[in-house]
Amino acid sequence: MTEPQSPYRRVLVKLSGEVLMGNEDYGIEPAMLARVAAEIHELSQLGIQTGVVIGGGNIFRGAGLARAGMDRVTADHMGMLATLINSLALQDALERVGAHARVMSALQIHEVCEDYIRRRAVRHLEKGRVTIFAAGTGNPFFTTDTAAALRAIEVGADLLIKATKVDGVYSADPEKDQSARRYDRLTFDQVLSDKLNVMDATAIVMCRENHLPIRVFDLRRPGDMVRLVSGQDVGTLVVAD
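Owing to the predicted nature of the structure, the values given are computational and were not obtained by experimental measurement.

1. Overview of the overall build of the protein chain
Along the backbone of the protein chain there are 8 helices and 11 strands. Over its C-alpha trace the protein chain gives a radius of gyration of 17 Å, about what one expects of a compact globule, namely 18 Å for 241 residues. Across its three principal axes, the protein chain shows a C-alpha extent of roughly 50 × 50 × 35 Å. Among the 241 residues that make up the protein chain, the fraction classed as buried is 52%. Contacts in the protein chain between residues at least 24 apart in sequence constitute 72% of all its contacts with a sequence separation of at least 6. When the accessible area of the protein chain is evaluated, it comes to approximately 11,300 Å², of which 48% is carbon and sulfur surface. In the protein chain, 28 side chains carry a positive charge and 31 a negative one; their mean positions are 3 Å apart.

2. Here we look at the packing of helix α5 (residues 144-154) against helix α7 (residues 201-209)
Running from amino to carboxyl end, α5 crosses α7 at an angle of 20°, the nearest separation of the two axes being 7 Å. Between α5 and α7, the angle is such that the two are roughly parallel. Crossing handedness for the pair α5 and α7: left-handed. Between α5 and α7, the contacting residues are Asp145, Thr146, Ala149, Leu150 and Ile153 on the first element and Thr202, Ala203, Met206 and Cys207 on the second.

3. A closer look at the side chain of Thr146
Structurally, Thr146 is set in helix α5. Beyond its immediate sequence surroundings of up to four residues, Thr146 is in contact with Asp200, Thr202, Ala203 and Met206.

4. Overview of unusual backbone geometry
Phi is positive for Ala135, close to 65°, though the residue is something other than glycine. Ala135 gets classed as buried once you look at its relative accessible area, which sits at 2%. Residue Phe141 is not a glycine yet carries a positive backbone phi of 75°. By the element assignment, Phe141 lies in the loop between β5 (130-134) and α5.

5. Overview of a nonpolar patch on the surface
A contiguous nonpolar surface patch, about 290 Å² in accessible area, is contributed by Val73, Phe141 and Phe142. Under the relative-accessibility criterion, Phe141 is labelled exposed at 52%.

6. A closer look at the pattern of salt bridges
All chains considered together, the criterion is met by 16 salt bridges. Salt-bridge contacts for Lys162 lead to Asp145; the nearest nitrogen and oxygen are separated by 3.8 Å. A residue pair is termed long-range when its members are at least 10 positions apart, and Lys162 in strand β6 (residues 159-164) and Asp145 in helix α5 qualify at 17 residues. Just as Lys162 is buried, Asp145 falls in that class too. A cluster of three or more residues bridged by salt bridges with shared partners is formed by Lys14, Asp145 and Lys162.

7. Remarks on the pairing of strand β3 (residues 101-105)
Within β3, 4 of the 5 residues are buried, leaving the element largely enclosed by the surrounding structure. Judged from the 5 bridges that link them, β3 and β5 form a sheet pairing that is parallel. Paired with Ala101 across the strands is Val130, a residue of β5.

The rules behind the values
Residues numbered from 1 in each chain as written. Predicted model: local features only at pLDDT ≥ 70, side-chain atom pairs only at ≥ 80, totals over all residues. Heavy atoms only, no water. Helix = DSSP H or I, 4+ residues; strand = E, 2+ residues; numbered from the N terminus. Rg over C-alpha atoms; globule rule 2.2 N^0.38 Å. Buried < 20%, exposed > 50% of the residue type's maximum accessible area, 1.4 Å probe, protein only. Contact = heavy atoms within 4.5 Å. Areas by Shrake-Rupley, 256 points an atom, 1.4 Å probe, with all protein chains shown as cover. Lys, Arg positive; Asp, Glu negative; His and termini not counted. Charge placed at Lys NZ, Arg CZ, Asp CG, Glu CD. Axes fitted to C-alpha atoms, helices over the stretch in contact; angles between N-to-C directions. Parallel < 35°, antiparallel > 145°, perpendicular 65-115°, else oblique. Left-handed = near helix turned anticlockwise from the far one by under 90°. Patch = residues over 30% accessible without salt bridge, like charges linked within 9 Å, V, L, I, M, F, W, Y side chains within 5 Å. Salt bridge = Lys/Arg side-chain N within 4 Å of Asp/Glu carboxyl O. Pairing = 2+ DSSP bridges.

Dropping the structure here:
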């Protein structure tokens, strides 16, 4: 494996399920899936140990179903299964571009993937396998943002990469407010006090307490993921101070 020309030895990429929709209204767009897989594979080819957490919003969103009247625990379990569908799709796409990939689930589904076991996950990463963490934390009431922070901390990632549809963190929604200001760098305390839309508060606090930096960037810009792990100033960096 190539030695990484990067300040980071191990990273975790957090993808929203909506990313996989591409230009569709629902589900998975094959072209977008292939592009995401190619960019993640490029990280592993650089020798960077890469974990992935992906949401399920392109299929089911537990919180939305709960607001519509469904039992929250049932809705969240459905959302966890949606993340597993996306994770299997990403594993397949990664393998088709030549990557070695493993899906590890917080829910036991032995017929389709491995259980999440921290030591085994670390071993997969050390062997250069892209390791996809499915089914959130395995518990209702927690988002995949929180799952990403938890898994990143557990496996000792140096950076949590949050892939979004905007080129960083703004003071307001840039699509609605033309005067919104983009931040190059923020502290966790600023994110919490100003209620900035980075990740949910539980994930932010976990990263702050464990000194895990977050880099927020626009996945729609080809090559930005590789540039940011190479140390370039891409998107917004969130750090302790």
